[in-house]
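Chain and residue survey
The chain contents come next:
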Amino acid sequence: MKRSRSFRAEAVVLNHKDWGEADRLVFLYTRRHGKLRAVAKGARKMRSRKAGHLQPFTHVILQLAAARGPFIITQAETIRAFTPLREDIMLTGQAAYIVELLHRFIYDEEESNTAIFRLLIDSLARLEQGHRPWLVARYYEMRLLDYLGFRPQLQGCLHCGNPVKPQDQFFSGNEGGVICPDCSAPHPALRPVTMQTLKYLRYFQRSAYQEACRANPDEETRTEMENLMQFYLTYLLERGLNSPRFIREVSR
Ligand SMILES: [Zn+2]
């Protein structure tokens, strides 16, 4: 990215951490510049006006100045606060998962992707509006994989190319899709997937969100969908994600 001296950026605050004595380092996903890090000077002081705009999940307009190292936030203005996402522990866990996935998959200052920005805002809004969190999360994962170029192949067997038959199948993490029972052999990157779970994953993959909302799988299928997506995502990231564990712990 070309570093002009100062520019406006529409962004979602992913998270932040303390920086030096009084400052805060803020991780952002911006509409036009991808993921960025920026420092909010004095944001930890009692009367900082900026701090309120820079809470996790907040949709903001920022004025950023280029500096050696992270950008400097010179102005901040909230578009949408998403306050309920910080006030309800279950919602906080779900929103943290949405944000963490993006944080882990995308490096700083990669090319911007407005579709991902839109998906991020829409997913946070759906959580805030009380949509079923499992639906919001599974739909988000499926679309994010599309936009990142990791769309799983769920229509045909990756080995023999035959269309997937209505029976239980296998899913390959390293190849990113379905392997039919005839082609499968025991392998650590391969796990079974039931016909029912595959049916819903395929439905999510081809549907707009409004259609996906009509899905109503039973609890067992929802759990298997979640586990399969975690298996694939973890495979892609080569390490575990923190927030699904957090969500499971607070659900108990
Ligand atoms: Zn096959």
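This text gives an overview of the structure that appears in the document. Just so you know, these numbers come straight off a predicted model, no measurement behind them. Sequence positions are assigned chain by chain, starting from 1 and proceeding in written order. Restriction of local features to residues with pLDDT of at least 70 applies here, the model being predicted, together with a cutoff of 80 or more for giving and counting side-chain atom pairs; totals for whole chains, interfaces and linings are based on all residues. Excluding hydrogens and water, the side-chain figures rest on all heavy atoms present in the structure.

1. Points about the pairing of strand β4 (residues 59–65)
This is how it is decided: Using a 1.4 Å probe on the protein chains alone, a residue whose accessible area is under 20% of its type maximum counts as buried, one over 50% counts as exposed, and one in between counts as partly exposed. To qualify as a helix, a DSSP run of H or I must reach at least 4 residues; to qualify as a strand, a run of E must reach at least 2; elements of each kind are numbered from the N terminus. Strands qualify as paired when DSSP identifies two bridges or more between them.
Across the seven residues of β4, seven count as buried, placing the element largely inside the fold. Here β4 shows a buried face lined by H59, I61, Q63 and A65 and a second buried face lined by V60, L62 and L64. Judged from the seven bridges that link them, strand β1 (residues 6–19) and β4 form a sheet pairing that is antiparallel. Following the sheet pairing, F7 is matched in β4 by L64. Of the pairings in the sheet, the one linking β4 to strand β5 (residues 71–80) comprises seven bridges and is antiparallel in character. Of the residues in β5, the one forming a bridge with L62 is A76. Between the antiparallel neighbours β4 and β5 lie five residues, among them G69 with a positive phi of about 85°.

2. Looking at helix α4 (residues 133–148)
Applied cut-off: Each helix should span, by expectation, one fewer than its residue count multiplied by 1.5 Å. Should any heavy atoms of two residues lie within 4.5 Å, those residues are counted as being in contact.
Between its first and last C-alpha, α4 extends 22 Å over 16 residues, near the 22 Å set by a 1.5 Å rise per residue. Within α4, twelve of the 16 residues are buried, leaving the element largely enclosed by the surrounding structure. Along α4, the residues classified as buried are W134, L135, V136, A137, R138, Y139, Y140, E141, M142, R143, L144 and L145. Where α4 is buried, its residues touch α2 (89–105), α3 (114–128), α5 (195–206), α6 (209–212) and α7 (219–237). G149 sits one or two positions beyond α4 and adopts a positive phi of about 85°.

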